[in-house]
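Reading the structure
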Amino acid sequence: MFEKLFMLVKNNAGMAIIDNPEIPVKYHEAMINEASSSIIEVLKGQLENGKLKDLIKYFQFPGIYNNPLINSAVNKFANKLNNYYGMAPDEALSTAKALIPPVMQEMIQQSKSGQNNDFALGKLLSSLSGNYNITALLSELAVA
């Protein structure tokens, strides 16, 4: 799942990172990794903080642009760009907003369409939880 997410970020990194004249080429790959890890950290944080139902709702009702998960991932990535790559806060936030929402929207679409089994809700949650079999819990929550 994590490799697929990296590729999804890389495929969406065009204007935000790859074609951004403010970002040196030597940082492209690292920033794509940072974007991927920011998304994973936010999704894992939901599980670790007992917000599984909120995470499931995120995938079931993808009106995501006002979603706190998106905002958390955007802010986490923007902070990394600012702290580790010296980007100005406004530029870092703009870059994060250009990349993270489309990637997360595509994750939702792929989870629903079956295009990519790695983003199917059960498999995604299993990966985030360290390959714990989460199917029984999903069944209990009536979302499997």
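Looking now at the confidence of the model for the protein. Close reading of the predicted structure is inappropriate where its pLDDT is low. With 81% of its residues at a pLDDT of 70 or more, the protein has an overall mean of 83. Within the protein, no element has a lower average pLDDT than helix α8 (residues 135-140), which sits at 50, and none a higher one than helix α5 (residues 68-85), at 94.

Ranked by internal contacts, the top residues of the largest apolar core, which has 44 residues, are L5, I17, I39, L99 and M107. Once you skip the residues sitting within four places of it in the chain, I39 turns out to touch L5, V9, A73, I100, V103, M104 and M107.

Turning next to the pattern of salt bridges. Taken as a whole and judged by the stated rule, the model has 4 salt bridges. With a closest N to O distance of 3.6 Å, K80 and E34 form a salt bridge. One end of the pair, K80, is in helix α5; the other, E34, is in helix α3 (residues 28-48), and 46 residues separate them in sequence. Side by side, K80 and E34 carry an identical accessibility label, which is buried. Each of E34, E41, K76 and K80 takes part in salt bridges that share partners, so that together they form one network.

On to the packing of α3 against helix α4 (residues 52-60). Relative orientation of the contacting elements α3 and α4 amounts to 135°, with a least axis distance of 7 Å. In terms of their interaxial angle, α3 and α4 are classed as oblique. Between α3 and α4, the residues in contact are L43, Q46 and L47 and L52, D54 and L55, respectively. Here the contact of α3 with α4 is composed, by residue class, of 4 nonpolar, 1 polar and 1 charged.

Tracing the sequence through the fold places Y27 in the loop between α2 (14-18) and α3. Classification of Y27 by relative accessible area gives partly exposed; the value is 29%. Separated by 58 residues in sequence, Y27 and Y85 have C-alpha atoms that sit 8.2 Å apart.

Below, the discussion takes up the packing of aromatic side chains. Evaluated as defined, the whole model comprises 1 aromatic pair. When the centroid spacing of 5.2 Å and the interplanar angle of 70° are considered together, the rings of Y27 and Y85 count as edge-to-face. Taken as a pair, Y27 in the loop between α2 and α3 and Y85 in helix α5 lie far apart in primary sequence, 58 residues in all.

Along the chain, the position of Q46 falls in helix α3. On the accessibility criterion, Q46 (14% relative accessible area) is buried. Among all residues touching Q46, those that are not within four sequence positions of it are K51, L52, D54, L55 and L69.

Procedures and definitions
- Residues numbered from 1 in each chain as written.
- Predicted model: local features only at pLDDT ≥ 70, side-chain atom pairs only at ≥ 80, totals over all residues.
- Heavy atoms only, no water.
- pLDDT = per-residue confidence, 0-100.
- Helix = DSSP H or I, 4+ residues; strand = E, 2+ residues; numbered from the N terminus.
- Core = buried A, V, L, I, M, F, W, Y, C linked by side-chain atoms within 4.5 Å.
- Buried < 20%, exposed > 50% of the residue type's maximum accessible area, 1.4 Å probe, protein only.
- Contact = heavy atoms within 4.5 Å.
- Salt bridge = Lys/Arg side-chain N within 4 Å of Asp/Glu carboxyl O.
- Axes fitted to C-alpha atoms, helices over the stretch in contact; angles between N-to-C directions.
- Parallel < 35°, antiparallel > 145°, perpendicular 65-115°, else oblique.
- Nonpolar A, V, L, I, M, F, W, Y, C, P; charged D, E, K, R; others polar.
- Phe/Tyr/Trp six-rings, centres within 6.5 Å; stacked < 30°, edge-to-face > 60°.

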